[in-house]
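Structure at a glance
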Amino acid sequence: MRRTSASLVAGTLVAALAWASGPSSPAVANDPSAGVADLTQDINQILSDSRLTIARAGVVVKSARTGEELYATDAGKLLIPASNTKLFTSAAAAETLGLDYRFPTTVLHSGRKAGSVLTGDLVLRGTGDPTMLAEDYDALAAEVAAAGVKAVAGRLVADDTWFDAQRLGNDWAWDDETAYYAAPISALTASPDRDYDAGSVIVSVAADGDKVKVSTTPETDYLKIVNRATVGAETDVLIERQHGTRTVVITGTVAEPYQEWVAVDDPTAYVSTLFRKALARHGVKVLGPTVTGAAPAGAKELARHESMTLGELLVPFMKLSNNIHAEILTKAMGRKVSGQGTWSAGLKVSTDFAKAHGVQVINMRDGSGLSRRDGFSPGSIVQLLSAVRDKPWFSTWYESLPIAGNADRFTGGTLRSRMRGTPAENNVHAKTGSLTGVTSLSGYVNSAEGEPLIFSIMLNQYLSGSPKDIEDKIAVRLAQFSRTAAAGTATPLRAAEPGAAGDLECSWLKPVQC
């Protein structure tokens with residue numbers, strides 16, 4: 001993202017090792033300018049694809065070693081980045097919060113403890129931990145019971161005031177509201193899995209004789225399930241929470257088991273039900289109602305859970321392109337820097353960080369890229385990717401990027417099924433991005449001669465046919481790039497891998513687990 005020294009390149013970028021390759025058109029051996037000219041010609045040819053005739057395409061390629069711009073088209077144009085926005089959010093979070101940052105979730109009490117009875121309120125206070133599972137809330141309840149508490153005379157208070165009460169991004173589409181990738185943001189939330197899809201519940205269906213059986217992960221009665229599905233010859237089922245409600249309606253036919261990730265309407269209320277039931281399981285009865293509010297001054301801590309570090313969280317966040325992690329980190333940055341857990345405060349931190357490192361064209365409306373009003377230029381993304389290479393946290397951050405063609409889900413991430421069997425495999429470290437009519441790929445690749453390159457590819461406003469294979473062709477060509485190799489040694493460019501995710505990232509296709 002910014003400029004760096006050659007020694008840092010060798011120290012932090014992980015080479016995928018040399019792939020014998022060369023230019024794809026006649027060149028003079030050992031003529032560096034010919035290699036760049038061939039690269040330009042080949043990228044221009046790739047971008048001449050008919051799918052881009054009416055679209056907008058911005059591409060920038062830069063040598064990390066020399067700072068030389070090797071290719072640029074529409075480098076300064078404002079384009080929709082989709083999840084490339086996460087490059088800015090994650091880098092700002094690493095800088096602002098630090099890789100050792102953890103989210104604490106605590107249980108507090110007010111009043112006095114008389115024997116096994118707490119006379120005041122019991123408070124569950126969150127700071128946005130997206131990795132909290134139902135079992136973690138159960139462990140907190142067990143700690144309360146282990147402290148000798150059997151009854152709470154007061155209320156159960158859910159304290160989510162670490163963040164503000166705005167749950168959804170300003171520009172998010174209303175029809176995304178029930179989708180897990182656009183779940184509401186709260187300082188108290190829970191995930192159903194170890195992808196840490198905070199704010200959602202997994203709803204599963206299976207044929208059970210002549211009936212359809214429904215279950216949830218975690219087990220909860222917070223959602224009202226209306227099951228209209230029937231057993232059929234094939235599975236063609238829709239599981240959808242009705243807009244603005246807690247009601248999940250299931251329709252269609254079920255033959256094989258199927259599951260869907262569904263966002264809850266109110267993460268704080270949902271977590272409150274999980275925790276209250278966990279307390280009851282451990283023999284702790286709360287006599288008062290469940291309410292929301294801030295913990296009173298002087299409340300004493302009874303139990304505590306701390307998340308994994310930010311350095312560890314970067315892996316599921318960036319590999320799987322988790323939108324909710326991005327938004328939680330945005331509000332966490334705002335809380336740390338200005339004492340305000342808001343989008344506006346957090347986005348100021350991210351944009352100030354970017355501008356301080358030379359980024360010129362930037363418009364951040366959220367932390368994830370879900371907003372179609374987010375805007376960056378490919379030149380700005382390359383500038384950011386250049387600048388962060390001298391950061392002490394760069395190595396951890398770099399390794400959190402998806403790695404092309406690596407089948408391991410938490411290594412290859414959203415690139416695990418792309419560019420396999422090419423010089424880009426296990427070489428390209430890059431962030432994907434997908435919205436309808438938008439795709440982007442920006443990151444790092446080592447050339448055939450081991451030269452570290454930085455690139456950003458942004459394609460907008462195409463109408464049909466996913467152009468992700470165009471991104472892949474450019475990335476593979478960069479992995480083949482040679483300044484000096486003689487003509488005739490090029491490896492053929494490959495199309496996208498069969499079975500790749502088409503127009504969407506794997507993170508948007510949760511049940512497929514691509």
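1. So, the overall build of the chain
Summing up its helical and strand segments, the chain has 12 helices and 23 strands in all. With 514 residues in all, the chain has 58% of them scored as buried. Looking at the chain alone, contacts between residues at least 24 apart form 71% of all its contacts between residues at least 6 apart. In the form shown here, the chain has an accessible surface area of approximately 19,200 Å², with 51% of it arising from carbon and sulfur atoms.

2. What to know about the environment of Lys150
As for its placement among the helices and strands, Lys150 is situated in the loop between helix 4 (134-146) and strand 7 (151-152). A sequence separation of 132 residues divides Lys150 from His282, and the C-alpha atoms of the two residues are 8.6 Å apart. Excluding its chain neighbours within four sequence positions, the residues that come into contact with Lys150 are Ser116, Gly283, Val284 and Lys285.

3. Some remarks on the sheet that holds strand 1 (residues 56-63)
Read from one edge of the open sheet, five strands run 2-1-23-22-21, paired in antiparallel fashion. Strand pairing shows two members of the sheet lacking a second neighbour, strand 2 (69-73) and strand 21 (429-435), which therefore form its edges. Across the sheet, the mean angle from the axis of one strand to that of its neighbour is 5 degrees, orientation sign disregarded. In the sheet, strand 1 pairs with strand 23 (residues 452-460) via eight bridges, with the strands oriented antiparallel. Of the residues in strand 23, the one forming a bridge with Gly58 is Met458.

4. Quick word on the pattern of salt bridges
Counting across every chain of the model gives 24 salt bridges. Linking Glu301 and Arg304 is a salt bridge whose minimum nitrogen-to-oxygen distance equals 3.1 Å. A residue is classified by how much of its surface remains accessible, and Glu301, at 45% relative accessible area, is partly exposed. A relative accessible area of 37% places Arg304 in the partly exposed class. Arg304 serves as the salt-bridge partner of Glu306, at 3.2 Å between the closest nitrogen and oxygen. Assessed through its relative accessible area of 40%, Glu306 is described here as partly exposed. Taken together, the shared-partner salt bridges in this structure form one network comprising Asp49, Arg51, Asp469 and Lys473.

5. Some details on the nonpolar core
One finds Phe88, Val388, Trp397 and Tyr444 to be the most contacted residues of the largest nonpolar core, which totals 64 residues. In terms of nonpolar packing, the next biggest core, distinct from the first, is built from 39 residues, Tyr137, Leu156, Val205 and Leu279 among them.

6. Topic: the packing of helix 7 (residues 323-338) against helix 8 (residues 343-356)
Direction vectors running N to C along helix 7 and helix 8 enclose 85 degrees, while the axes themselves pass 7 Å from each other. Taken together, the axes of helix 7 and helix 8 lie roughly perpendicular to each other. Where helix 7 approaches helix 8, its residues Glu327, Thr330, Lys331, Met333, Gly334, Val337 and Ser338 are matched on the opposing element by Trp343, Ala345, Gly346, Leu347, Val349 and Ser350. Here the contact of helix 7 with helix 8 is built from residues that sort into six nonpolar, five polar and two charged.

7. Concerning the packing of aromatic side chains
One pass over the full model with this rule turns up 10 aromatic pairs. For the ring pair Trp393 and Trp397, a centre distance of 6.2 Å and an interplane angle of 75 degrees mean the geometry is edge-to-face. Both residues of the pair, Trp393 and Trp397, count as buried. Site record: aromatic cluster; members linked through ring pairs are Trp393, Phe394, Trp397, Tyr398 and Tyr444. Across the ring face of Trp343, the terminal group of Lys331 is positioned such that the distance to the ring centre comes to 4.1 Å. Between the NZ or CZ atom of Arg335 and the centre of the ring of Trp162, over which it lies, the distance is 3.9 Å.

8. Observations regarding the environment of Ala356
Relative to the assigned elements, Ala356 resides in helix 8. Expressed as a C-alpha distance, the spacing of Ala356 and Ala387, which sit 31 residues apart in the sequence, is 9.9 Å.

9. Brief notes about the side chain of Thr131
Positionally, Thr131 belongs in the loop between strand 6 (122-125) and helix 4. At a separation of 2.6 Å, a polar atom in the side chain of Thr131 contacts the side chain of Asp129. Look past the residues within four positions of Thr131 in its chain and what remains in contact with it is Asp136, Tyr196, Ser307, Met308 and Leu313.

10. With respect to the pairing of strand 13 (residues 236-241)
Along strand 13, the buried face is formed by Val237, Ile239 and Arg241; none of Asp236, Leu238 and Glu240, which line the opposite face, is buried. Where strand 13 meets strand 14 (residues 247-254), six bridges bridge the pair, whose relative direction is antiparallel. Of the residues in strand 14, the one forming a bridge with Arg241 is Val248.

So, how was this worked out
- Residues numbered from 1 in each chain as written.
- Predicted model: local features only at pLDDT ≥ 70, side-chain atom pairs only at ≥ 80, totals over all residues.
- Heavy atoms only, no water.
- Helix = DSSP H or I, 4+ residues; strand = E, 2+ residues; numbered from the N terminus.
- Buried < 20%, exposed > 50% of the residue type's maximum accessible area, 1.4 Å probe, protein only.
- Contact = heavy atoms within 4.5 Å.
- Areas by Shrake-Rupley, 256 points an atom, 1.4 Å probe, with all protein chains shown as cover.
- Pairing = 2+ DSSP bridges.
- Axes fitted to C-alpha atoms, helices over the stretch in contact; angles between N-to-C directions.
- Salt bridge = Lys/Arg side-chain N within 4 Å of Asp/Glu carboxyl O.
- Core = buried A, V, L, I, M, F, W, Y, C linked by side-chain atoms within 4.5 Å.
- Parallel < 35°, antiparallel > 145°, perpendicular 65-115°, else oblique.
- Nonpolar A, V, L, I, M, F, W, Y, C, P; charged D, E, K, R; others polar.
- Phe/Tyr/Trp six-rings, centres within 6.5 Å; stacked < 30°, edge-to-face > 60°.
- Lys NZ or Arg CZ within 6 Å of the ring centre and 35° of its normal.
- Polar contact = N/O pair within 3.5 Å; in protein donor to acceptor, adjacent residues only side chain to side chain.

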